[in-house]
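# Coordinate inspection notes
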Amino acid sequence: MSGDDETQEQTVADDLVVTKYKMGAEIANQALKAVVGAATAGVSVLSLCEKGDAYIMAETGKIFKKEKDMKKGIAFPTCVSVNNCVCHHSPLKSDPDIILKDGDLVKIDLGVHVDGFISNVAHSFVVGVTKENPLTGRKADVIKAAHLCAEAALRLVKPGNQNSQVTEAWNKIAKSFKCSPIEGMLSHQLKQHVIDGEKTIIQNPTDQQKKDHEKAEFEVHEVYAVDVLISTGEGKAKDGGQRTTVYKRDPNKVYGLKMKTSRTFFSEMERRFDTMPFTLRAFEDEGKARLGVVECAKHELLQPFNVLHEKEGEVVAQFKFTVLLMANGPLRITNSLFEPELYKSEHEVEDPELKALLQSSASRKTQKKKKKKASKTVESATGQAMETEAAE
């Protein structure tokens, strides 16, 4: 907590804050389900991105209606990255579209916020795989590895543990499946209106990154978006020069924009998205947005989320969840849709310590009693009953 904040920082020590997180998480979980359900062979990636974003906007529009000034909506635009595309692929209508086919490994990544409290989620699956015909081979290996990395993190991201413990576990798990975590990718602490908080967990750091990356200890009442990206290849992600469509405002940068188009674009962006990541697709006139963003990005008023790729022929799997470090244990609020019976790998985790960790229970104690009381507080605060169970 920095002392220079004029307002006291709101944390999950407050029931209402937990409720806002859970409401956002419930919408994120349902949006993910809707997009995954629609992602079949023959469907366009653009249509899936539009579907996810439209769902989030519609559902966040239904809550806290009386609070006219409360910001809520998309905290990370729906991205659908296929096969060796690592992340941030959220095409515009004017971009070449990708049509899904059976056998594609698809990663869906999205985020929702309610009053600036962010719930992020990402899921990976292979198109056309069924329980009758489960998948084997490298795509199954990488999905299984990424899933187990997420499960390990759920058990390691808790008060008193260090971020480096998670990094080490991820390296070992990926290795046992002959895969590699994507180098240098970060999972961030979340705070109100901040998607990239200062505490981070790094994946597969280079020697230089190891030196530079700050060691941190997880503390009670913190929130993290734990993001796992595993590759069948070496884990080196490069910007292949594909158009960047996702950006976020850097609140520390100031610059007087010269072009009228840039100024119009920037003021609409600030009004609608503030410091949250957004996609240029969200602007009515896509052409003007594409033009307006150039000057903003050049002078670093906006940070780009570049579309990254692993080597052609490799595939990358991603799982992301949001976890609240509550006093009585970590609470995962966004859920994976992983179905273990769909993916069969010949590899498994050999390390006895990690094996024991993965077999240990991740459930929390004594939450039922508190919940009844909390949901009462919530009902009076939000004017609506809350499905607290749904996010568990």
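Overview of the structure. (Residues numbered from 1 in each chain as written. Predicted model: local features only at pLDDT ≥ 70, side-chain atom pairs only at ≥ 80, totals over all residues. Heavy atoms only, no water.)

### Quick notes on the overall build of the protein chain
Quick note on the threshold: Runs of E in the DSSP output that reach at least two residues are strands. Runs of H or I that reach at least four are helices, and both are numbered from the N terminus. Computation of the radius of gyration draws on C-alpha atoms alone. For the globule rule, the value is 2.2 Å times the number of residues to the power 0.38. Each residue is assigned to one of three classes by its accessible area relative to the maximum for its type, calculated with a 1.4 Å probe on protein chains only: buried under 20%, partly exposed between the two thresholds, exposed over 50%. The contact rule is simple, with two residues in contact once any of their heavy atoms fall within 4.5 Å. Computed with the Shrake-Rupley method and a 1.4 Å probe, the accessible areas treat only the protein chains shown as cover for residues.
A count of helical and extended segments in the protein chain gives nine helices and 15 strands. For the protein chain, the C-alpha radius of gyration of 20 Å lies close to 21 Å, the compact-globule estimate for 392 residues. Along the three orthogonal principal directions, the C-alpha set of the protein chain runs to about 55 × 50 × 45 Å. A total of 392 residues make up the protein chain; the buried ones form 54% of that total. A sequence separation of at least 24 residues applies to 78% of the contacts in the protein chain between residues at least 6 apart. For the protein chain, the computed accessible surface area is about 18000 Å², with 51% contributed by carbon and sulfur atoms.

### Here's the deal with the side chain of Thr200
The following threshold applies: Each polar contact in these results corresponds to two N or O atoms within 3.5 Å; when the atoms are within protein, one needs to be able to donate a hydrogen and the other to accept it, and residues that are neighboring in sequence are counted only if both atoms are side-chain atoms.
By secondary structure assignment, the location of Thr200 is in strand β7 (residues 200–202). Of note is the side chain of Thr200, whose polar atom sits 2.6 Å from the side chain of His213. Discounting chain neighbours no more than four positions away, the residues touching Thr200 are Asn163, Leu186, Ser187, His188 and His213.

### Some details on the packing of aromatic side chains
Threshold: The rule is short: rings of Phe, Tyr and Trp, with Trp giving its six-membered ring, pair when the centres are within 6.5 Å, and they are stacked under 30 degrees, edge-to-face over 60, tilted in between.
Going through the model one piece at a time under the given rule, you end up with ten aromatic pairs. Seen from their ring centres, Tyr21 and Phe117 are 5.3 Å apart, and the 55° between their planes marks the pair as tilted. Of this pair, Tyr21 sits in helix α1 (residues 15–38) while Phe117 sits in strand β4 (residues 117–126), placing them 96 residues apart in sequence. Looking at Tyr21, the relative accessible area reads 2%, which means it is buried.

### A closer look at the environment of Thr261
Structurally, Thr261 is set in helix α6 (residues 260–273). Those residues in contact with Thr261 that lie beyond four places of it in its chain are Lys288, Leu291 and Gly292.

### Remarks on the sheet that holds strand β13 (residues 308–309)
Quick reminder of the rule: Here, strands pair whenever DSSP counts at least two bridges between them.
Strand order in this open sheet of three strands is β2-β13-β9, and the pairing throughout is antiparallel. Strand pairing shows two members of the sheet lacking a second neighbour, β2 (85–87) and β9 (238–239), which therefore form its edges. Strand direction decides the pairing type here: β2 and β13, joined by two bridges, are antiparallel. Residue pairing in the sheet places Cys87 in a bridge with Leu308 of β13.

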